[in-house]
Amino acid sequence: MKMNAYAERILQECVIAKYPWEKEFIQSVTEVFESLTSLLDANPKYEQNKILERIVVPERIIQFQVPWTDANGEVQINNGYRVQFNSALGPYKGGLRFHPTVNLSVLKFLGFEQMFKNALTTLPMGGGKGGSDFNPKGKSDLEVMNFCNAFMRELFRHIGPDTDVPAGDIGVGAREIGYLFGQYKRLANMFNGVLTGKGLGWGGSLVRSEATGFGAIYFVQHMLARQNQEIAGKRIAISGFGNVAWGAALKATQLGAKVITISGPDGYILDEDGLNFDKVNYMLELRSSGKDIVAPYAEKFAGSKFFAGRKPWEADADIAMPCAIQNELNGNDAATLVANKIKMVAEVSNMGCTPEAIQCFQSNGIPFAPGKAVNAGGVATSCLEMSQNAGHCYWTAEEVDSRLHSIMTGIHEACVANGEENGKINYVAGANIAGFRKVADAMIAQGW
Ligand code: 2IT
């Protein structure tokens, strides 16, 4: 795609030349900049205000050492980070990821995506992301607590309910948020909404743990409705088996769709009967085993098959929903899906598809929606948790779910309004243009 000359120059000078090793960050900036061609051509104010130069540089990056003690009493050291990317629309907001692949390139890409995603929700949140290269796999509860305490020992001074509000992401779930919140409270001597994804008894919101997956399915329903179709009866291939995959599988199953795959680092499960509520619940058991594998599913449920070392994109599905991690679906996977007549792809993981995969879907006329639109229900519901905390109240599940529903409807409408190309919707362009415009206009209004 042809890039606007200003965007091309800033991508080269401010990103590629300065951080040539930040592959994921370069990928995410390139995707957004490619979408902005007509917007930048028509609006010289963005170049005059040097918005692109400013928007690719995090407002602040905090990097720290995390020394902690393992079960043998040995000292372990990990890297901790918080990237406070942009606060034009509200306090920095975004998850913490604990995974061995975490580095600054990954967190800068996630923070960059988060800023536009949060803008799409229309709620008052800036963008941020953080985490550590700590690997929770195989660690005991005590080790995880030791790590979380050590991580928050430094992070607590940089966050606050009106400053920066972290949440979970890969490797950070209810258990980790509990330990992190406990340590924040001890150090800050404050009980407030500084983290989201909290337990239901102590400040958490109903529907938060389901929200990313539920929101993704609501988004898919809107994509289908444009084609006068509904989700009931559709065969859905999902990757991953964590919180996001679980929520999507649960809502899809409730609505009568057939989820035929889940996957882990060890391979994928094909279940031609489709998941039922027992099987969806079993995903939680698999996750809490801490082993990061899905193979045991095939031993438990007759009729399902485990394919070691393979990805679910070879299954015969109507809709593909990557729910695991960035770049999990590449050009070859996309070609396989297209050959198998996939009808629609909704990316739920952040940047789950490579540029080659997106190109393959788009050039074959397959509707493809990007993670920053599809998965925004998670962070949106985090903001609903913040609202409840600030108002010292709890809302019912119906209240939260109905707000989530209208937020996802609004995001789909924003993609349609900004992404229409010859009667078809380019959801990537729509999401990037709508998100960028909101952040950039706020930056201009707020000066420098
Ligand atoms: O990628 C994401 O949007 C999240 N991990 C959720 C962030 C949040 O603050 O709820």
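Scoring rules and cut-offs
- Residues numbered from 1 in each chain as written.
- Predicted model: local features only at pLDDT ≥ 70, side-chain atom pairs only at ≥ 80, totals over all residues.
- Heavy atoms only, no water.
- Disulfide = S-S within 2.5 Å.
- Near = heavy atom within 4 Å.
- Polar contact = N/O pair within 3.5 Å; in protein donor to acceptor, adjacent residues only side chain to side chain.
- Helix = DSSP H or I, 4+ residues; strand = E, 2+ residues; numbered from the N terminus.
- Nonpolar A, V, L, I, M, F, W, Y, C, P; charged D, E, K, R; others polar.
- Buried < 20%, exposed > 50% of the residue type's maximum accessible area, 1.4 Å probe, protein only.
- Pairing = 2+ DSSP bridges.
- Right-handed = clockwise from strand over helix to strand, strands pointing away.
- Phe/Tyr/Trp six-rings, centres within 6.5 Å; stacked < 30°, edge-to-face > 60°.
- Lys NZ or Arg CZ within 6 Å of the ring centre and 35° of its normal.
- Core = buried A, V, L, I, M, F, W, Y, C linked by side-chain atoms within 4.5 Å.
- Contact = heavy atoms within 4.5 Å.
- Axes fitted to C-alpha atoms, helices over the stretch in contact; angles between N-to-C directions.
- Expected span 1.5 Å × (residues − 1).

(A) Representation of the state of the cysteines within the structure. Under the counting rule described, the total for this entry stands at zero disulfides. With no disulfide partner, Cys415 has as its closest neighbouring cysteine sulfur the one in Cys353, 15 Å distant.

(B) Representation of the site of the ligand in the model. Around the ligand there are 13 residues in total, and Lys93, Lys117, Asp169, Arg208 and Ser382 lie nearest to it. Here an oxygen atom of the ligand sits 2.5 Å away from a polar atom, N or O, in the side chain of Ser382. Going through the elements one at a time, strand 3 (92-98), helix 6 (104-121) and helix 16 (376-390) are the ones with two or more residues in the shell around the ligand. It is strand 3 that contributes the most residues to the shell around the ligand, three residues altogether. Residues of the shell around the ligand, tallied by class, amount to two nonpolar, six polar and five charged.

(C) Structural context of unusual backbone geometry. Not every positive phi belongs to a glycine, and Asn189 is a case in point at roughly 55°. You can see Asn189 is positioned in the loop between helix 8 (174-188) and helix 9 (208-225). Its relative accessible area of 69% is what places Asn189 among the exposed residues.

(D) Just the pairing of strand 7 (residues 258-264), in detail. Buried residues dominate strand 7, accounting for six of its seven residues. Relative to strand 7, strand 6 (residues 235-238) runs parallel, the two sharing three bridges. Following the sheet pairing, Arg235 is matched in strand 7 by Lys258. Following the chain from strand 6 across helix 10 (residues 243-254) to the adjacent parallel strand 7, one finds a crossover that is right-handed. One ladder, built from four bridges, connects strand 7 with strand 8 (residues 267-271); its direction is antiparallel. Bridging across to strand 8, Gly264 finds its partner in Gly267. The turn linking strand 7 back onto strand 8 is made up of two residues.

(E) Representation of the packing of aromatic side chains within the structure. With the rule as written, the count across this model stands at 24 aromatic pairs. Within the aromatic cluster, the residues linked to one another by ring pairs are Phe25, Tyr46, Phe85, Phe112, Phe116 and Phe436. Above the plane of the ring of Tyr19 lies Lys108, whose end atom (NZ or CZ) is 3.7 Å from the centre. Over the aromatic face of Trp395 sits the side chain of Arg403, whose NZ or CZ is 4.1 Å from the ring centroid.

(F) Representation of the nonpolar core in the model. If you look at the biggest cluster of nonpolar residues, it comprises 62 residues, and the most contacted ones within it are Phe219, Ile238, Ile262, Met321 and Ile411. In this structure Phe219 touches Ala369, Ala373, Val374, Met408, Ile411, His412, Cys415 and Tyr427, once residues within four positions along its chain are discounted. Ranked by size, the runner-up nonpolar core spans 42 residues in total, among them Tyr81, Met115, Ala119 and Ala440.

(G) Main features of the environment of Trp246. Within the secondary structure, Trp246 is located in helix 10. By relative accessible area, which is 11% here, Trp246 ends up buried. It is 24 Å that separates the C-alpha atoms of Trp246 and Asp133, two residues lying 113 residues apart in sequence. Other than its neighbours up to four places away in sequence, Trp246 contacts Ser209, Glu210, Val280, Met283 and Leu284.

(H) Expanded view of the sheet that holds strand 7. Read from one edge to the other, the open sheet built from seven strands follows the order 9-8-7-6-10-11-12, with strand pairing classed as mixed. Since the sheet does not close on itself, it has two edges, and those belong to strand 9 (304-308) and strand 12 (368-369), each with one partner. Direction of pairing for strand 6 relative to strand 10 (residues 319-321): parallel, over a ladder of three bridges. Across the sheet, the residue bridging to Ala237 is Ala320, located in strand 10. With respect to the sheet, helix 10 is in contact with strand 6 and strand 7, its orientation differing from that of strand 6 by roughly 170°.

(I) Local environment of helix 18 (residues 427-445). End to end, helix 18 covers 27 Å across 19 residues, agreeing with the expected 27 Å (1.5 Å per residue, within 8%). Positive phi shows up at Gly447, right after helix 18, with a value of about 65°.

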